[in-house]
Structure formats: structure tokens, C-alpha cells
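# A structural walkthrough
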Amino acid sequence: MTVTDRQLDRRWEQFHTWGPYGLLGVSVVLAVVSADPHAAPAKWYAAWALSGAGVALQLWWQGTRARRPGHGRTPSGAGTAYYALRWALAFALTWITPFFAFYAACGYMDADELIPGRWQRLGLFASAVTVAGAQAGGMPFGSGAQWIVFAGLLAANSGLQMVVAHLTAQEARRVRERTETIAELERANAALRQALDENVALHAQLLVQAREAGVAEERRRLAAEIHDTLAQGLTGIIAQLQVVAAAPDLAGARVHVERASALARHSLGEARRSVHNLAPVALADDGLPEALKKTVAEWGERTGVRAEFTLTGTGEQLHDEIAATLLRITQEALSNTARHAAATRVGVTLSFMGDEVTLDVRDDGRGFDPVAVPARDGTGGFGLDGMRARAERIAGHLAVESEPGHGTALSARVPLVRHDR
């Protein structure tokens, strides 16, 4: 309920509490001013006594409402009794002098709050009889003309009551519908807040599942690489050594020993590369921007290619999986550039953009046709498909723009997930 609604309710409460006193007082003043000095004293004694009874009745009802907080404006047996007694006093007073019609009009303003629904019309009709009788000159009527005027005034008062009652009922229905609408909106807002909380929890759960899926995928990848490289290399070494053991001459044995040695060196290189991919050493002590800066500088010194690293936006401590993925993509991209691009300049840019992180690697090398590149190259690297798979595992994506003779631009865009505190 708004402040304005509370103020309006308080004013209505004050009107229902003090209105009968005011209307009775107005009636008494008008009756005294217009009094006939030759009237019988008993008539005025009765008027004063009934007026006092009206004040006493109003005080009783005011005390009753104070003892029943929250129920004073709800139809009840006590309210019906109060309404009937007040009507009887008003009827008797208007019989004495018509000016007490003002007091009788109290019945118009609170019948809906005092009398149960099916009896409200009867109470309003009784009040209309009292008011119409006073308006017709006061009861008892002394001529047929007064009865005709009374009938017309009673019809007018009753018709006016019906119109007011109809409008009041419509307003009450609108208030009730508005209240129900507000309640429904509050329930919808509560459901929406609950849905948002559930979405947050679901997002966290999905992130955990994506992380677990990434770990499982990385394990499968390492298992496949070990099978394809280390296991085959060791098998080859064993085969060559077995040939050496059965070789009839020293020259033939030396050839097989050299082959076994080459296979061993190759397998050792593959093992070192797999361990490096599993746990990036560059991120052990530094954040991603520092690790990328060192990686680019070392790569430039090793290859003799001019390499620059640029950081844009406000750097943040990223989740380990996000940082490791971007570092591995950078290492693979630089490795591909060194092997294939023949570039003279390479630029690596890390951009923090609100809820995303973007990694851009550009070179001015010979370029290529991205559509014609195989999924894996002959040196054991992952190539574009491997880098793309890494980005997609953390809900990101990789885009490559290249054209023969016009260099290559690689862009990886991933969500910004902060480091777990």
C-alpha cells in the first residue's frame, strides 16, 4: 500500500469516527435556531434526551471499534445493532424536527461497513425513508400532497443510493482486481528472482561440468598422443635393439643402433612436449599477460623475428584453465608461424573487454588458404583444429583470416572467468 493510500484510509477513518458527531451537532444547531418558542417543553426535553443518547451511542461504538482493531470496518452483529439504534434515534429526532435529517444522513455513508451484504439495501432504504420524510416537511404528514412529495423524494433518494452503491461496487471491484494484479506481479517477480538464482546456480554447475569435460578431453588427448608417439617410438626402439642382438656383423648392428637412438631422442622430445602442454611452466609464477610477454620475447629472440606483445584494457587474474588455454594457443600459433610463415614481424595482443578476453596473433608472412589446411600437420602439432578445439572447450571460439601472400590473423575469443579465490 502506498503512502497516498494510507493517508486516504486514515482520512476515511477520521470521517467515519467524527462525521456522526458533526452531523448531529449541525442538526442540533439548526433545530435550536429555528425552534418555535411556543412549542411544548416536553418536545424539546425529548429532543435533548435523544441527542444525548446519540452522543452516548457514538461514544460506545467508538470504544467498541478501538477494542476490535482491524475489524471496525467489517460488517458484524455489533455494527448492525449500532446502525439500527442510530437509525431509530434519527427517526425519532426527525419526527420532532426535520432538521435532524442531517444526522439521519449518517446511514448513507457507512451501511456497507456495518451491515452484512444482503441487509445493506434494507438499511439504506430505512435511512432514505427518514431523510425523505424530513425533506417532505417532517412526519407525521398532514396532507395527501405531503405523501406525494414524500413518495417522490423517497424514490429520488433510493435511486441516488442505487447509483452510488453501483459506483461503489464497481470501484471496490477495480480495487480488488488491482490488488490481485499486484499480488500476481509480486508472485511473478518472486518466481523470476528464483529463476534467476537457479540460472546462476546452473551457470556455475555448467562451468564446473565444462571444466571437468575439458580435463577429460585433455586426458584423452594425452592418451592418444602417448599412443601415437611414445608407445610407437618405444616399440620401434625395442624392435631395433632386437635386430641388433641378432645382427651377424658390426656394420649392420651400428645402423640399427643409430635408428634406435633416433627413435629414443624423438620419443623424449614427444614426452617433454606432452608434459609441457599438460602444465604450462610459464604460468607457475606469472599471470597471463606477463607469461605472454615473456613467451613472445623469447620466441622473437630464438627465431630472429621482430615480435611485439600488447595489452589492452585492465588486466585481471584469470581462471587457470582460461589462462592455460590462451597461452597454449599462443605457443601453437607462434610455432606454426616459425615453421610455415617466413614472417618478418609478429604481433600478439591480449584484450580484456568486460566479460570477454580476446587474443589476437598477426604476422606478415606468406599466408595460406585456411580451407586447405589439414586437421593435423606432419610435425605432431595440433594445428588450427587443435587450437579451435581448445577455445571451444572453454565456451570460446577461434577465427582465422589469411590469404596467400598477405599474412595471417588469428583471433581467439573466450569468456572472462576470474581466478578462484
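Model, not experiment: these values are computed from the prediction.

Criteria and cut-off values
Residues numbered from 1 in each chain as written. Predicted model: local features only at pLDDT ≥ 70, side-chain atom pairs only at ≥ 80, totals over all residues. Heavy atoms only, no water. Pairing = 2+ DSSP bridges. Helix = DSSP H or I, 4+ residues; strand = E, 2+ residues; numbered from the N terminus. Buried < 20%, exposed > 50% of the residue type's maximum accessible area, 1.4 Å probe, protein only. Contact = heavy atoms within 4.5 Å. Expected span 1.5 Å × (residues − 1). Axes fitted to C-alpha atoms, helices over the stretch in contact; angles between N-to-C directions. Core = buried A, V, L, I, M, F, W, Y, C linked by side-chain atoms within 4.5 Å. Phe/Tyr/Trp six-rings, centres within 6.5 Å; stacked < 30°, edge-to-face > 60°.

A few words on the pairing of strand 5 (residues 408–415). Working note: regular strand, side chains alternate between the two faces of the sheet. As paired elements, strand 3 (residues 356–363) and strand 5 share eight bridges and run antiparallel to each other. Among the inter-strand pairings, Asp360 is bridged to a residue of strand 5, identified as Ser411. Between strand 4 (residues 397–402) and strand 5, which follow one another and run antiparallel, lie five residues, and Gly405 among them has a positive phi close to 85 degrees.

Of all eight residues in strand 3, six are buried, a share of seventy percent or more. Bridging between strand 2 (residues 345–353) and strand 3 involves eight bridges; their strand directions are antiparallel. What sits directly across from Phe352, in strand 3, is Val357. Linkage of strand 2 to strand 3, two consecutive antiparallel strands, is achieved through a turn of two residues, within which Gly354 is found at a positive phi near 70 degrees.

Here Phe102 is to be found in helix 4 (residues 101–104). When its relative accessible area of 40% is taken as the criterion, Phe102 is described as partly exposed. Along the backbone, Phe102 and Ser27 are 75 residues apart, and their C-alpha atoms lie at a distance of 5.9 Å. Not counting residues up to four positions away in its chain, the partners in contact with Phe102 are Leu23, Val26, Ser27 and Leu30.

Turning our attention to helix 6 (residues 117–135). Between the first and last C-alpha of helix 6 there are 28 Å, a value that for 19 residues agrees with the 27 Å anticipated at 1.5 Å per step. Listed as buried for helix 6 are Gly123, Leu124, Ser127, Ala128, Val129, Thr130, Val131, Ala132, Gly133 and Ala134. One or two residues past the end of helix 6 sits Gly137, with phi positive at roughly 115 degrees.

A few words on the environment of Ser127. As for its placement among the helices and strands, Ser127 is situated in helix 6. According to the relative accessible area criterion, Ser127 is buried, its value standing at 2%. Residues Ser127 and Tyr83, 44 residues apart in the sequence, show an inter-C-alpha distance of 9.9 Å. Not counting the four nearest positions on each side in its chain, Ser127 is found in contact with Tyr83, Trp87, Ala104, Gly107 and Tyr108.

Next up on the list: the sheet that holds strand 5. As summarised here, the arrangement of the five strands in space is 1-2-3-5-4, forming an open sheet in which the pairing is mixed. Two strands bound the open sheet, and with one partner strand each, they are strand 1 (306–312) and strand 4. When the angles between neighbouring strand axes are averaged without regard to direction, this sheet yields 10 degrees. With seven bridges joining them, strand 1 and strand 2 adopt parallel strand pairing.

Our focus in this paragraph is the nonpolar core. Counting residues in each nonpolar core, the largest one holds 36 residues, and the members touching the most others are Leu288, Leu318, Leu326 and Leu410. If you list the elements that add at least two residues to this core, you get helix 9 (288–303), helix 10 (320–341), strand 2, strand 3, helix 11 (383–393), strand 4 and strand 5. Leave out the neighbours within four places in its chain, and Leu326 touches Leu288, Leu318, Leu350, Val357, Leu359, Ala412 and Val414. The next biggest cluster of nonpolar side chains, apart from the first, holds 24 residues, and it includes Leu24, Leu57, Leu93 and Ala104.

For the structure shown, the criterion picks out eight aromatic pairs. Between Trp61 and Tyr82, the ring centres sit 4.9 Å apart and the planes meet at 10 degrees, which makes this aromatic pair stacked. Here Trp61 is found in helix 2 (residues 41–67), whereas its partner Tyr82 is found in helix 3 (residues 77–96), with 21 residues between them in sequence. A relative accessible area of 3% places Trp61 in the buried class.

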